[in-house]
Amino acid sequence: MISLIQSNYRGFGSGMVPDGLGFMLQDRGQMYTLEEGQNNTYAPHKRPFHTIIPAFVTKDGKPWMSFGVMGGSFQPLGHTEILMNMIDYGMNAQEAGDAPRIDHQGSSEPTGEKRDGVGMVYLESGYSFETIRGLMSLGHKVGFQIPGSYGGYQAIRFDAREKVYHGASESRKDGQAAGW
């Protein structure tokens with residue numbers, strides 16, 4: 001199993017295509033800075049914030065799942081939601097991806113950008129009125145985004161006992177799970 005995410009970042013990436021190779025170079029380094037003292041300063045022994053986070057999970061020292069959730073700053077939360085759905089709620093890889101998602105936008109960013117306030121919790125359709133009301137009663141600002149803005153997910157889970165691979169693909173976007 002392997003987990004990788006192809007991304008050019010910002011539209012068509014850098015706009016540079018190496019002669020004769022047929023692919024465009026990415027520009028993921030755009031979020032880094034050379035200014036000392038910033039969160040995303042490019043320097044040795046640092047791990048600047050980055051949104052390319054393919055994941056590989058082991059269980060009892062053995063491969064369990066490779067997966068990824070695309071979607072910029074949504075990715076860390078999206079990855080967490082997938083794992084919670086599987087580990088805490090017993091969903092299989094496809095169910096975990098199909099379950100309604102939560103996003104949070106509008107607070108300070110890991111890149112150092114400061115915002116006033118705590119932002120907004122966005123809920124995908126599928127949450128009950130009681131859940132929405134409960135979040136609001138706790139003081140959360142709740143909103144709703146257009147479908148498709150909650151990332152894109154792909155996964156391969158390995159069942160070590162049965163020696164079987166299970167594939168999952170995002171139901172909100174184009175894609176498929178296939179094996180041979």
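Everything that follows concerns the structure shown earlier in this document.
Residues numbered from 1 in each chain as written. Predicted model: local features only at pLDDT ≥ 70, side-chain atom pairs only at ≥ 80, totals over all residues. Heavy atoms only, no water.

**Some remarks on the nonpolar core**
Point 1. Membership of the largest hydrophobic core comes to 16 residues, with the highest contact counts inside it found for Met65, Phe67, Val69, Ile82, Met86, Tyr153 and Ala155.
Point 2. For this core, the elements supplying multiple residues, two or more each, are strand S1 (55–59), strand S2 (62–70), helix H1 (75–87), helix H2 (93–98) and strand S6 (152–159).
Point 3. For this core, the element with the highest residue contribution is S2, accounting for four residues.
Point 4. Every residue in contact with Ile82, bar those within four places of it in the chain, is listed here: Met65, Phe67, Val69, Ala96, Gly97, Arg101 and Tyr153. (Core = buried A, V, L, I, M, F, W, Y, C linked by side-chain atoms within 4.5 Å. Buried < 20%, exposed > 50% of the residue type's maximum accessible area, 1.4 Å probe, protein only. Helix = DSSP H or I, 4+ residues; strand = E, 2+ residues; numbered from the N terminus. Contact = heavy atoms within 4.5 Å.)

**Remarks on the environment of Gly72**
Point 1. Position of Gly72 among the secondary structure elements: in the loop between S2 and H1.
Point 2. Residues Gly72 and Asp60, 12 residues apart in the sequence, show an inter-C-alpha distance of 30 Å.

**Some thoughts on the sheet that holds strand S5 (residues 142–143)**
Point 1. Read across the sheet, three strands follow the order S3-S4-S5 without closing on themselves; strand pairing throughout is mixed. Edge positions in the open sheet fall to strand S3 (102–105) and S5, since each of these has one partner strand only.
Point 2. As paired strands, strand S4 (residues 120–123) and S5 are joined by two bridges and run parallel to one another. The residue of S5 that forms the bridge with Tyr122 is Gly143. (Pairing = 2+ DSSP bridges.)

**Some words on the side chain of Asp159**
Point 1. Structurally, the position occupied by Asp159 is in strand S6.
Point 2. It is Arg157 that comes nearest to the buried, bridge-free Asp159 among opposite-charge side chains, at 4.2 Å.
Point 3. Once you skip the residues sitting within four places of it in the chain, Asp159 turns out to touch Val164 and His166. (Lys, Arg positive; Asp, Glu negative; His and termini not counted. Salt bridge = Lys/Arg side-chain N within 4 Å of Asp/Glu carboxyl O.)

**Side note on the environment of Thr51**
Point 1. You can see Thr51 is positioned in the segment before S1.
Point 2. The spatial distance from the C-alpha of Thr51 to the C-alpha of Val69 is 9.9 Å, given a sequence separation of 18 residues.

**Structural notes on the layout of surface pockets**
Point 1. Taken as a whole, the largest pocket holds about 440 Å³ of empty space.
Point 2. Mapped onto the lining of the largest pocket, the elements with two or more residues apiece are S2, S6 and strand S7 (164–169).
Point 3. Looking at the lining of the largest pocket residue by residue, the class counts come to 12 nonpolar, 10 polar and no charged. (1 Å grid on protein atoms, 1.4 Å probe; cavity = no way out; pocket = protein on both sides within 12 Å on 5 of 7 lines; lining within 4 Å. Points joined across faces, edges and corners; volume = space filled by probe spheres on them. Nonpolar A, V, L, I, M, F, W, Y, C, P; charged D, E, K, R; others polar.)

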